[in-house]
Amino acid sequence: MRQAGTVTGIALSHRFYDQAVRPLLGGRPHAAALLGEGSEVLGLDDTVSTDHDFGPRVQVFLPDGAAPPSFAALPDTFEGHPTVFATTDRNDGEPGHQVEVTSAAAFFTRRLGVDPAGGLALADWLLTPTQTLATLTAGAVFHDPDGELTRRREALRWYPADVWRYALAAGWLRVAQEEAFVGRAGAVGDDLGSRLVAARLARELVRLAFLIERRWAPYPKWLGSSFARLDLAATAGPALAAATAAAHWRDREAALVEAAGVLVTATNNLGLAAPVDPAPRTYHTRDIRVLSADRLTVALAAAITDPGTRALVDRLGGRQGGPIATLPGTIDQVTDSTEILGDPARCRRAGPLLGLTGGTAP
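- Under the annotation held in an unreviewed UniProt entry, the protein carries the name DUF4037 domain-containing protein and is attributed to Actinoplanes auranticolor.

Here it is, written out as structure tokens:
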């Protein structure tokens, strides 16, 4: 929790732009913002955040071909914070100010692999991590007279309806694939294994809560903090916490199906597919309780009508020839590797893993 009186990075950077950066622009047409990487962009910075890479910073967006201004006259400090310092994550570790001069098209293309001003295709959506989308739609715009930033941010606000259905269907499939393992591992005395699966399932349910509430899930450091801001945290959060803390597998199982039931009801309330009974059931003839989450996968996949998304689902086919679609999902449902999700070029090359053909084209 932020301590009283703590300076937020967004507020500090806004004042830095107004008082120190804008006067040096000489009336040039421009936009300005604080977007992209950094805990302060998500509004989650605190006193600990100031121990590295913290200080007033801003992106200045100029029209293509415009001459860049000089920032040699920037003050050495601003409100007690250095404006020029060596960083570990920016400027290749070399000392420098944190005023990035770019164009709107270049800034967004560098982080997405495509300029959203021209719209996003199915592959663009599926190959872009939610943590990237979170950092581009959060933050703050300080000046945008022509709407260049606003148009791009609005284009990234949320998935098209059938891409949303697809991501939800894949998310529920991930739950279905492991939901019985909490009880199976626990019943044979593998308490650690049961705990590990419970934690994985809790994470998947948290990510589903973000999808249900049309919010981009951030990178793992802030997943729990951001989940706490969701409406579903009040109803699903206690059960998820109980599942990860429970000492016995039966209690883990009960807490997980309770949390999952809350999220099934919330999914039903979206009206995206035929409703599914949120009550738990036994797993085949075993003394194990599950949600049978693949029922949501079937319902959501069946409701997809967009030609490109429908073609992808049909091409992927059903699992073992049955009614449950084979859905790898989005890039961050396929992998949680930081080395992949933090590199747009690598994400764009992962199309075949997602069932996309021709690299990034569906």
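From this point, the discussion proceeds with the structure in view.
### A closer look at helix 8 (residues 191–212)
For step 1, the next point in the chain: Spanning 22 residues, helix 8 covers 31 Å between terminal C-alpha atoms, matching the ideal 32 Å at 1.5 Å per step.
For step 2, the next point in the chain: Within two residues after helix 8, R214 carries a phi angle of roughly 55°, on the positive side.

### A word on the UniProt feature "domain: DUF4037" (unreviewed entry) in the protein
For step 1, the next point in the chain: UniProt records the feature "domain: DUF4037" (unreviewed entry) for residues 125–223 in the present numbering.
For step 2, the next point in the chain: For the annotated span residues 125–223, helix accounts for 67% and strand for 4% of the residues, and the straight-line distance between the end C-alpha atoms is 20 Å.

### A few points about the side chain of T137
For step 1, the next point in the chain: Within the secondary structure, T137 sits in helix 4 (residues 130–137).
For step 2, the next point in the chain: Note on T137: relative accessible area 12%, which makes it buried.
For step 3, the next point in the chain: Within the local environment of T137, its side chain forms a polar contact with the backbone oxygen of L133, the two atoms lying 2.8 Å apart.

### So, the pattern of salt bridges
For step 1, the next point in the chain: All told, the structure shown has 22 salt bridges when counted by the stated rule.
For step 2, the next point in the chain: One salt bridge connects E79 with R15, and the closest N-O pair in it is separated by 2.8 Å. Placement of E79 in the loop between strand 3 (77–78) and strand 4 (81–82) and of R15 in helix 1 (residues 9–21) is noted, with a sequence separation of 64 residues between them.
For step 3, the next point in the chain: Of the charged contacts in the structure, one is a salt bridge between E148 and R151, with a shortest N-O distance of 2.3 Å. Taken together, the residues E148 and R151, both in helix 5 (residues 148–155) and three residues apart, mark about one turn of the helix.
For step 4, the next point in the chain: Judged by relative accessible area, R151 falls into the partly exposed class, the value being 46%.
For step 5, the next point in the chain: One connected set of salt bridges, linked through shared partners, spans E37, E100, R110 and R111.

Thresholds, definitions, all that
- Residues numbered from 1 in each chain as written.
- Predicted model: local features only at pLDDT ≥ 70, side-chain atom pairs only at ≥ 80, totals over all residues.
- Heavy atoms only, no water.
- Helix = DSSP H or I, 4+ residues; strand = E, 2+ residues; numbered from the N terminus.
- Expected span 1.5 Å × (residues − 1).
- UniProt positions renumbered as here; feature names shortened; annotations may be inferred.
- Buried < 20%, exposed > 50% of the residue type's maximum accessible area, 1.4 Å probe, protein only.
- Polar contact = N/O pair within 3.5 Å; in protein donor to acceptor, adjacent residues only side chain to side chain.
- Salt bridge = Lys/Arg side-chain N within 4 Å of Asp/Glu carboxyl O.

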